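One letter stands for each residue in the lines below.
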Amino acid sequence: MSHLVFLVHGMGIHETGWESQYIDALDAAYDQYELLSQKPLRERFTFVPLSYDEIFRELVSNWATNAEFVDRAATEAGVSKTQLTGWLKGADVTDANFKWTHAADVLMYKAFSLVRERVCQHVGNQIVQALAKQIQDEGRSLWSVVAHSLGTAVIHDTLARLWDSQSTAPGHVAFSAQNEQAQVIAMVANVSRLLETKTANEPYDVFKTAVAPGRMAQAGRGCLYYFNARHRLDPFTIPKMFSPQMWPDEAALLASPPRYAHVEVDHIHMWNVHDFGHYMKNPKVHVPLLRRLVSSLAITDEEYAMALAKFRTFGSLQDEAAIRIRQKLEDATESQADDWLVLGRIWQAFTGKGQSGGFA
Amino acid sequence: MKALRSFWLGILLLLCAASGAQAACNGFDLSKWTAQTAQEAGLCLADLPSSIGSCDSAICKSVREWQKPSDKRPPDVAMAPSLLARVRADMQPAVAAFPEAWRVDADMADFLLSFGQQTAPEFIANRKWSYDGAAGLLADGGGASLDLNAVLVKECAAGTPEAQCSEALRRAADVLIHTLQFQIVTTSLLNDQRAAFAQYMGELKGRWDSYFDKGRFQYPWELLINSRRYDRGGGGFAQPPDDQWILLHPSVGYRYLNGSGKKLEQTLLLEVAGYYRWEWAGAEATKLRGGSLVVSWADTATEFRRGIGFLVHMPKNYSLGLVQERGASNRKIALVMSLDLGKVVQDPKSQKASFLGAIR
């Protein structure tokens, strides 16, 4: 049996095979450690991509095509009644259409509870079927999740539903937090709090759900380790930042290694500091993650210290260029008190000042 | 040249021998397992659960045969207590060699005593021993634990003989193998519940797909309104709605007016407001019914006509209705028919043909 690692992508278009850039980023970090890399990453883990992008694409594509169809029919009928749908035309264009390929994903996920529910069910079903098969084949399960950006919100909301103790679904007990714990839930550029919904109808407060670390088979704790990584200049992670104090409890924080780990980094190797690969380059991110995925003994303290010493904060960038990027990113920074509606402004700043694309 | 080749060959052999001396923990003949450092030993233990499926000891084979009978029957739950007792008995030499493992043994004994009187899933979760590779911790749901990494760090400290480190690794691995067998059996006790939930999730996915793919197409504003109205109705993954509101929904239809050459002419329709409902039967929506108030526009060969009326929504996304038209000539009642655009946009040219086919 191999350790299943579910990969969850962020916003934007993700074609078949999108997971390879995530695995490559992990692999590049993994291969730096001699003893660990004696067993290749792809042998140690089985990566399972969890895709949900197609749900957004299908909706947008239908809207765009309908709008065009109505427009054509209206012309034929000799009327001009297309104000309602005119703005939807061209929504399915995927090149340089950030508004519809990235921003709309978040908007649809947050604003339409029906879309959110379908996305969570779609992702949850993939997890449940994969775990049921793993247990059927191997007798037990061993799994983790690595999520990025919008994927952190999606996986939180999905697992909160899976581990909801109020669920009355048949056989749910086999997938309760107590019975089906993940090894690690790794959140990179975590926006789960920014996009959380905590209403009576959908009571999934990120600090109160079972998507929290605890000891083996602890009630209401769905994973053994929760790893959170954010870049200080990543503008998406600042509003309603996921940065709890004394969470989930003292025992979890005192465990060795701590069951909840929060890492902040500030290296700048490129404009898009939100990129998954950019995060993974930093030993402060990948070492604690790999230690939790494999073993706390897998990378020695000496190896870690050496990796930190070798790591250049500005990578191959000249200091001047890095400082310029830093200044621009700081200008785009919003307040922690802001809510998800501020994302539009961030996107504008991010795409206006930097290169487009790269939002994995 | 030959001497140079021999030199490099020698170097290569030395390197292979050196790496072989670092750690040997392939296969399940524990007597051949060796390690020099805690890091090597920790990695050996961390990888053990992934390869437990190839364990070829007698007890591993017994558990595997129980878990996956050759005739593809589910595991015989009635046999579980005697199998668990055999696992425990087989573990006794390991416990004797590794006194710290008494906790695991005592807990297994207690589990066997209680088993049969209490087989509730919560009980199984609480008493199920499992391995946390990150911490090197064998632990049960009740909080009892055995820190294997601590043993390895102590026994493999710098300066200690290799034999001591290897022996510690072998003892820890032996206990771990037996604990994993115990876990495989207890995990299988929830097979029925697991299968029921996996099936439930599969059906639920079918319903959500049906709601979005086969239900009536929704424009963004309709999706927003229906999302606002959506009542999840409980915890966990929710069912899709069984109704939807229709609002300001433009579509293309055909009108039939007695006396206008008795032919179908294209018309632009706007469903001002409407309601649609159905019942779920498995993943299929049945008993679909609903209606909308509709406004129509048509540019005929002789005049421009505007109408107001109603549409009755029928199964298969077809709608039929009447509108009272006004134009340059007298008021007339026209029969209007429409297809839900969202379902035919893939092939708009065939809309009329398929529509005509459907109403014949």
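Definitions and cut-offs
- Residues numbered from 1 in each chain as written.
- Chains lettered and ligands numbered in written order.
- Predicted model: local features only at pLDDT ≥ 70, side-chain atom pairs only at ≥ 80, totals over all residues.
- Heavy atoms only, no water.
- Disulfide = S-S within 2.5 Å.
- Buried < 20%, exposed > 50% of the residue type's maximum accessible area, 1.4 Å probe, protein only.
- Contact = heavy atoms within 4.5 Å.
- Buried area = accessible area lost by both parts, 1.4 Å probe.
- Salt bridge = Lys/Arg side-chain N within 4 Å of Asp/Glu carboxyl O.
- Polar contact = N/O pair within 3.5 Å; in protein donor to acceptor, adjacent residues only side chain to side chain.
- Helix = DSSP H or I, 4+ residues; strand = E, 2+ residues; numbered from the N terminus.
- Pairing = 2+ DSSP bridges.
- Right-handed = clockwise from strand over helix to strand, strands pointing away.
- pLDDT = per-residue confidence, 0-100.
- Axes fitted to C-alpha atoms, helices over the stretch in contact; angles between N-to-C directions.
- Parallel < 35°, antiparallel > 145°, perpendicular 65-115°, else oblique.
- Left-handed = near helix turned anticlockwise from the far one by under 90°.
- Nonpolar A, V, L, I, M, F, W, Y, C, P; charged D, E, K, R; others polar.
- Patch = residues over 30% accessible without salt bridge, like charges linked within 9 Å, V, L, I, M, F, W, Y side chains within 5 Å.
- Areas by Shrake-Rupley, 256 points an atom, 1.4 Å probe, with all protein chains shown as cover.

*Asks:* Explanation requested: the state of the cysteines in the structure shown.
*Replies:* What is meant by a disulfide is a covalent connection between two cysteines, made through their sulfur atoms. All chains considered together, the criterion is met by three disulfides over all chains. One disulfide bridge connects Cys55 of chain B with Cys60 of chain B, the sulfur atoms lying 2.0 Å from each other. Negative torsions about the S-S bond denote left-handed disulfides, and the value of about 75° found for Cys55 of chain B with Cys60 of chain B makes this one right-handed. A residue is classified by how much of its surface remains accessible, and Cys55 of chain B, at 1% relative accessible area, is buried. Regarding the disulfides, chain B carries the connectivity 1-2, 3-4, 5-6 under sequence-order numbering of its bonded cysteines. For the unlinked cysteine Cys120 of chain A, the closest cysteine sulfur is that of Cys223 of chain A, found at 17 Å. Exposure remark for Cys120 of chain A: the relative accessible area of 0% places this residue in the buried category.

*Asks:* Sorry if this is basic, but what is going on with the interface of chain B and chain A here?
*Replies:* How big an interface is tends to be expressed through the accessible area that disappears when the partners come together. Residue-level contacts link 89 residues of chain B with 87 residues of chain A. Carbon and sulfur atoms supply 63% of the area buried between chain B and chain A, which totals about 7,300 Å² over both sides. A salt bridge links Arg259 of chain A to Asp132 of chain B, with the shortest nitrogen-to-oxygen separation between them at 3.9 Å. The interface formed by chain B and chain A includes 25 residue pairs in polar contact (both at pLDDT 80 or more). Here the side of chain B that touches chain A takes 16 residues from helix H9 (residues 191-214) of chain B, the largest share from any one element.

*Asks:* Is there a simple way to think about the pairing of strand E3 (residues 143-148) of chain A in this case?
*Replies:* Residue and element names in this part refer to chain A. Here E3 lies mainly inside the structure; six of its six residues are buried. Side-chain alternation along E3 places Trp143, Val145 and Ala147 on one buried face and Ser144, Val146 and His148 on a second face that is also buried. Two elements, strand E1 (residues 3-8) and E3, share five bridges in a ladder whose sense is parallel. Bridge assignment links Leu7 to a residue of E3, and that residue is Val146. Both E3 and strand E4 (residues 182-188) contribute to a ladder of four bridges, which runs parallel. Opposite His148, over in E4, you have Val188 as the bridge partner. With respect to chirality, the unit in which E3 leads through helix H7 (residues 150-162) into the neighbouring parallel E4 is right-handed.

*Asks:* Mind showing me how you'd approach unusual backbone geometry here?
*Replies:* The phi torsion of most residues other than glycine is negative, and most of the peptide bonds are trans. All names here are of chain A. Here the residue pair Trp247 and Pro248 is connected by a cis peptide bond, since its omega of -5° sits within 30 degrees of zero. In the segment running from Ser256 into Pro257, the intervening peptide bond is cis, with an omega of -5°. By the secondary structure assignment, Pro257 is in the loop between helix H8 (250-254) and strand E6 (260-265). In this structure, Ala217 is a non-glycine residue whose phi angle is positive, near 55°. By the secondary structure assignment, Ala217 is in the loop between E4 and strand E5 (223-231). In this structure Ala217 comes out as buried when scored by relative accessible area, which is 6%.

*Asks:* In this structure, what is going on with the confidence of the model for chain A? I would like to understand it.
*Replies:* As a note on interpretation, predicted positions should not be read in detail where pLDDT is low. Mean pLDDT over chain A works out to 88, with 86% of the residues at or above the 70 mark. For the stretch residues 354-360 of chain A, pLDDT sits under 50, and the model shows 20 contacts to residues farther than four places along the chain or on other chains.

*Asks:* How should the packing of helix H3 (residues 58-67) of chain B against helix H4 (residues 80-97) of chain B be read in this particular structure?
*Replies:* Between two packed helices, what matters for the description is the angle formed by their axes and the separation of those axes. Residues and elements named next belong to chain B. Axis separation between H3 and H4 bottoms out at 10 Å; the angle between their running directions is 165°. When the axes of H3 and H4 are compared, the pair comes out roughly antiparallel. Handedness of the crossing formed by H3 with H4: left-handed. Contacts between H3 and H4 pair Ile59, Ser62, Val63 and Trp66 from the former with Ala80, Leu83, Arg86, Val87 and Asp90 from the latter. Partitioning the contact of H3 with H4 into residue classes produces six nonpolar, one polar and two charged.

*Asks:* Is there a simple way to think about the sheet that holds strand E4 (residues 137-139) of chain B in this case?
*Replies:* In a beta sheet, neighbouring strands pair by backbone hydrogen bonds and run either parallel or antiparallel. Residues and elements named next belong to chain B. Spatial strand order, E3-E4-E5: three strands in an open sheet with antiparallel pairing. The strands lining the two open edges of the sheet, one partner per strand, are strand E3 (130-132) and strand E5 (145-147). Averaged over all neighbouring strand pairs, the angle between strand axes comes to 20°, with direction disregarded. In terms of strand pairing, E4 meets E5 through three bridges, oriented antiparallel. Bridge pairing in E5 links Leu138 to Leu146. Sitting on the sheet, helix H7 (residues 148-155) is in contact with E3, E4 and E5, with an inclination near 25° to E5. Relative to the sheet, helix H8 (residues 162-188) contacts E3, E4 and E5, its axis offset from that of E4 by approximately 40°.

*Asks:* Got a minute to help me understand the sheet that holds E6 of chain A in this structure?
*Replies:* All names here are of chain A. Strand order in the open sheet made by the six strands is E2-E1-E3-E4-E5-E6, with parallel pairing throughout. Both outer strands of the open sheet, strand E2 (45-50) and E6, are each paired with one neighbouring strand and no more. Taken pair by pair, the neighbouring strands of this sheet meet at an average axis angle of 15°, ignoring direction. Lying over the sheet, helix H1 (residues 19-30) contacts E1, E2 and E3, oriented at roughly 120° with respect to E1. Sheet strands touched by H7: E1, E2, E3 and E4. Its angle to E3, the strand with the most contacts, is close to 140°.

*Asks:* Hey, could you run me through a nonpolar patch on the surface in this one?
*Replies:* All names here are of chain B. Judged by side-chain polarity, Leu247, Leu248, Val272, Leu293, Phe310, Val312, Met314, Leu320, Leu322 and Ile333 come together as a nonpolar surface patch covering roughly 770 Å² of accessible area. When contributions to the nonpolar patch are tallied by element, the ones reaching two or more residues are strand E6 (243-256), strand E9 (304-313) and strand E10 (318-326). For Val312, a relative accessible area of 37% puts it in the partly exposed group.

*Asks:* How should the packing of helix H2 (residues 38-51) of chain B against H7 of chain B be read in this particular structure?
*Replies:* Residue and element names in this part refer to chain B. For the pair H2 and H7, interaxial distance at closest approach is 9 Å and the crossing angle is 150°. Between H2 and H7, the angle falls in the class roughly antiparallel. Handedness of the H2/H7 crossing: right-handed. For the pair formed by H2 and H7, the contact residues are Ala38, Ala41, Gly42 and Leu45 on the first element and Leu148, Asn149, Leu152 and Val153 on the second. The class makeup of the residues in the contact of H2 with H7 is six nonpolar, two polar and no charged.

*Asks:* What should I look at first to understand the pattern of salt bridges in this one?
*Replies:* Here the idea is simple: oppositely charged side chains can pair when their charged atoms come close. Under the defined criterion, the tally for this structure stands at 34 salt bridges over all chains. Linking Lys198 of chain A and Asp205 of chain A is a salt bridge whose minimum nitrogen-to-oxygen distance equals 3.6 Å. In this structure, Arg277 of chain B and Asp242 of chain B form a salt bridge, with 4.0 Å as the shortest nitrogen-oxygen distance. Within this pair, whereas Arg277 of chain B is found in strand E7 (residues 264-281), its partner Asp242 of chain B is found in the loop between helix H10 (220-229) and E6, the two being separated by 35 residues in sequence. With a relative accessible area of 28%, Arg277 of chain B lands in the partly exposed category. Taken together, the salt bridges that share partners define one network made up of Arg116, Glu117, Arg161 and Glu202 of chain A together with Arg232 of chain B.

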